Amino acid sequence: MFAVRKLALAGAAAVLGVTALGLTATSAEAAGGCSDNGNGTYDCHVWKTAPTYWSGNVRAGTLNAGTNYFYCQAVGAEMSDGAYHNKWYAKTDDDSGNRGVWVNVIYLSGGGNDEPVPGLPWC
């Protein structure tokens, strides 16, 4: 599958009704995870096609597996998929044409259960 690049948009406020933290990740890139594009977006590997959500846990669309860009991550409602579970969500634009939507980080490579993804700053 090929990498998909999308136009960058700025801003983030809340994930699924929970206020974002306003901090940045530190030394996360050394641990793997996402890489900084230098333009306000971060490339992360999505290992499985994932549902996307608007704030308030409203289903938005789909994000395909592969390399995708993200803006930041914040805490939201707990989600699980098999053995994976996480309360962190990453902000992106999905493959359904929705901008500024959230995907649970269980679908991003590099993190652990209930941990943020390394290399992606907090919103």
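Keep in mind it's a predicted model, so treat the numbers as computed, not measured.

Chemist: Mind showing me how you'd approach the environment of glycine 76 here?
Modeler: Mapped onto the elements of the fold, glycine 76 is located in strand S8 (residues 72-81). The spatial distance from the C-alpha of glycine 76 to the C-alpha of serine 55 is 9.1 Å, given a sequence separation of 21 residues.

Chemist: Explain the environment of serine 80 to me, please; I cannot follow it from the model alone.
Modeler: With respect to the element layout, serine 80 can be found in strand S8. For the pair formed by serine 80 and asparagine 104, sequence separation is 24 residues and the distance between their alpha carbons is 8.9 Å. Setting aside residues up to four positions removed in sequence, serine 80 forms contacts with His85 and Ile106.

Chemist: Please explain the nonpolar core as it appears in this structure.
Modeler: Within soluble globular proteins, side chains that are nonpolar generally end up buried alongside one another. Among the nonpolar cores identified, the biggest contains 26 residues, and Cys34, Phe70, Ala90, Val103, Tyr107, Leu108 and Leu120 are the most heavily contacted of them. Taken together, the elements giving at least two residues each to this core come down to strand S4 (42-46), strand S5 (50-54), strand S7 (66-70), S8, strand S9 (84-92) and strand S10 (101-104). With four residues, the top contributor of residues to this core is S8. Those residues within four positions of leucine 108 in sequence are excluded, and the remaining contacts are Cys34, Cys44, His45, Val46, Trp47, Phe70, Ala90, Val103 and Val117.

Chemist: Sorry, what's going on with the pattern of salt bridges here?
Modeler: Two side chains bearing opposite charge may form a pair once their charged atoms approach each other closely. The full count for this structure, using the stated rule, is one salt bridge. Aspartate 81 is paired through a salt bridge with lysine 48; the nearest N and O atoms lie 2.9 Å apart. Linking aspartate 81 in strand S8 with lysine 48 in the loop between S4 and S5, this pair joins segments that are 33 residues apart in sequence. Relative accessible area serves as the criterion here: at 21%, aspartate 81 is assigned to the partly exposed category.

Chemist: I tried to follow the sheet that holds S7 on my own but got confused; where do I start?
Modeler: Paired through their backbone hydrogen bonds, the strands of a sheet run either parallel or antiparallel. Overall, antiparallel pairing links the three strands, which are arranged S3-S4-S7 in an open sheet. Either end of the sheet is taken by a strand with one partner, and the two such strands are strand S3 (35-36) and S7. The pairing of S4 with S7 spans five bridges and is classified as antiparallel. What sits directly across from tyrosine 42, in S7, is phenylalanine 70.

Chemist: Would you mind showing me how to read the packing of aromatic side chains here?
Modeler: Centre distance and the angle of the planes are the two values used to describe a pair of aromatic rings. All chains considered together, the criterion is met by four aromatic pairs. Measuring from ring centre to ring centre gives 5.6 Å for tyrosine 69 and tyrosine 71, while their planes differ by 75°; the resulting arrangement is edge-to-face. Each of the two residues, tyrosine 69 as well as tyrosine 71, counts as buried.

The rules behind these values
- Residues numbered from 1 in each chain as written.
- Predicted model: local features only at pLDDT ≥ 70, side-chain atom pairs only at ≥ 80, totals over all residues.
- Heavy atoms only, no water.
- Helix = DSSP H or I, 4+ residues; strand = E, 2+ residues; numbered from the N terminus.
- Contact = heavy atoms within 4.5 Å.
- Core = buried A, V, L, I, M, F, W, Y, C linked by side-chain atoms within 4.5 Å.
- Buried < 20%, exposed > 50% of the residue type's maximum accessible area, 1.4 Å probe, protein only.
- Salt bridge = Lys/Arg side-chain N within 4 Å of Asp/Glu carboxyl O.
- Pairing = 2+ DSSP bridges.
- Phe/Tyr/Trp six-rings, centres within 6.5 Å; stacked < 30°, edge-to-face > 60°.

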